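Residues per chain are reported as follows:
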Amino acid sequence: MTATAFQYSEYSPTDATRQWVMSYWSFRAERAPDPSQPYTVWPDGCLSLALPIAAGAVRGPLLCTGPRIVAFQPPITPGVTLLGLRFWPDATGRLFGVPARELRDKLGPAPIALARWADGLRESLRVPQDALSESAMRGCVASLDAWASTRLADADEPDAIVRAAIQRIAAEGGELRMGRLAEDLGVGLRQLQRRFPTATGLTLREWARVRRLRSALAQRLERQDGTWSRIAAETGFVDHAHLTREFVQLTGLPPSHVAHSLGRTDHRGVRP
């Protein structure tokens, strides 16, 4: 842990799980945040499942964060590590048999429909008794990935058109015309607009907004000296005012406060 208050790390899935798992992640707080400056989780449009671990054991229920396009401020318990899986946006229905919209904006203990994942994830973890070092955390991630590879072996294939749209929008940082996207994918725009939210719980425009925001956040992390005006120009916003409006709507914070919040966290291995 560095002098920063929080540590957030991401880990890549293996070939056996990457079709459905976007990343594994961990979060740990050295101390509780100031009540006037709560820790903020930025929107990613994905379903995440996480287990709280401390002192060599899982210390709470499986937690669920459903697909969402706005930030939130979770309660923070110093000394407890959250270890999670972030799924592709179109995973909810295919893997869990739950309509994606039913988990939209869900926060808290995982619903009953995900109970079998809770039991399996708990059983797959072998948590070290000592403080979780980076090597120990990678061991925990490896055990989760091994279990997930077995659990996902018989999963249905994703909707190829929806998955291609997800990847294309992400690759373009949310900056592309949806009519052109549908044309490139060989489907009508209205058909794509129906299939996408059924699979993800988000509209095409919402996913694009999330990806544009995350591109701007990534630019800020990588280039501490970059101005918000330059970042706006490079990540598809019309101008600085447009970026500011989007940040306030999606995070509840103006860009200057977002930069301060990012600076309180030690980010490791994070991708946009």
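Not measured: the values here are computed from a predicted model.

Draft legend 1. Spatial organisation of the packing of aromatic side chains. Scanning the model with the defined rule gives nine aromatic pairs in all. On the basis of an interplanar angle of 40 degrees and a centroid distance of 4.6 Å, the ring pair of Phe-27 and Tyr-39 is categorised as tilted. Within this pair, whereas Phe-27 is found in strand β2 (residues 21–29), its partner Tyr-39 is found in the loop between β2 and β3 (48–54), the two being separated by 12 residues in sequence. A network of ring pairs unites the aromatic residues Phe-87, Phe-96, Trp-117 and Trp-147 as a single cluster. Between Arg-163 and the ring centre of Trp-88, over which it is positioned, the NZ or CZ distance is 4.4 Å. Of note, Arg-212 hangs over the ring of Phe-237, and the distance from its end group to the ring centre comes to 5.8 Å.

Draft legend 2. Representation of the state of the cysteines. In total, this model carries zero disulfides according to the counting rule given. Cys-46 takes part in no disulfide bond, and the closest cysteine sulfur, belonging to Cys-64, lies 12 Å away.

Draft legend 3. Region of the structure containing the side chain of Arg-163. Secondary-structure assignment places Arg-163 in helix α4 (residues 160–171). Other than its neighbours up to four places away in sequence, Arg-163 contacts Gln-19, Trp-20, Trp-88, Asp-90 and Pro-158.

Draft legend 4. Focus on helix α2 (residues 115–124). Within the span of α2, buried status applies to Trp-117, Ala-118, Gly-120, Leu-121 and Ser-124. Where α2 is buried, its residues meet β3, β6 (81–87), α1 (91–96) and α3 (134–151).

Draft legend 5. Structural context of the nonpolar core. Counting residues in each nonpolar core, the largest one holds 37 residues, and the members touching the most others are Ile-169, Leu-181, Leu-192, Leu-243 and Phe-247. If you list the elements that add at least two residues to this core, you get α4, α5 (178–185), α6 (189–200), α7 (204–222), α8 (228–234), α9 (240–251) and α10 (255–263). Element by element, the count of residues in this core is highest for α7, at seven residues. Beyond its immediate stretch of four places on either side in the chain, Leu-181 contacts Ala-165, Arg-168, Ile-169, Leu-176, Leu-192 and Leu-204. Counting residues in each nonpolar core, the second largest holds 32 residues, with Val-21, Leu-114, Leu-121 and Val-141 among its members.

Draft legend 6. Quick look at the layout of surface pockets. Reported here for the largest pocket is a volume of approximately 1000 Å³. Residue lining of the largest pocket: 43 residues in total, with Trp-25, Tyr-39, Val-41, Phe-72 and Pro-74 positioned closest to the centre. A total of five residues in the lining of the largest pocket trace back to one element, the largest contributor, which is α7. Residue classes in the lining of the largest pocket are distributed as 28 nonpolar, eight polar and seven charged.

Reading the values: the criteria
- Residues numbered from 1 in each chain as written.
- Predicted model: local features only at pLDDT ≥ 70, side-chain atom pairs only at ≥ 80, totals over all residues.
- Heavy atoms only, no water.
- Phe/Tyr/Trp six-rings, centres within 6.5 Å; stacked < 30°, edge-to-face > 60°.
- Helix = DSSP H or I, 4+ residues; strand = E, 2+ residues; numbered from the N terminus.
- Lys NZ or Arg CZ within 6 Å of the ring centre and 35° of its normal.
- Disulfide = S-S within 2.5 Å.
- Contact = heavy atoms within 4.5 Å.
- Buried < 20%, exposed > 50% of the residue type's maximum accessible area, 1.4 Å probe, protein only.
- Core = buried A, V, L, I, M, F, W, Y, C linked by side-chain atoms within 4.5 Å.
- 1 Å grid on protein atoms, 1.4 Å probe; cavity = no way out; pocket = protein on both sides within 12 Å on 5 of 7 lines; lining within 4 Å.
- Points joined across faces, edges and corners; volume = space filled by probe spheres on them.
- Nonpolar A, V, L, I, M, F, W, Y, C, P; charged D, E, K, R; others polar.

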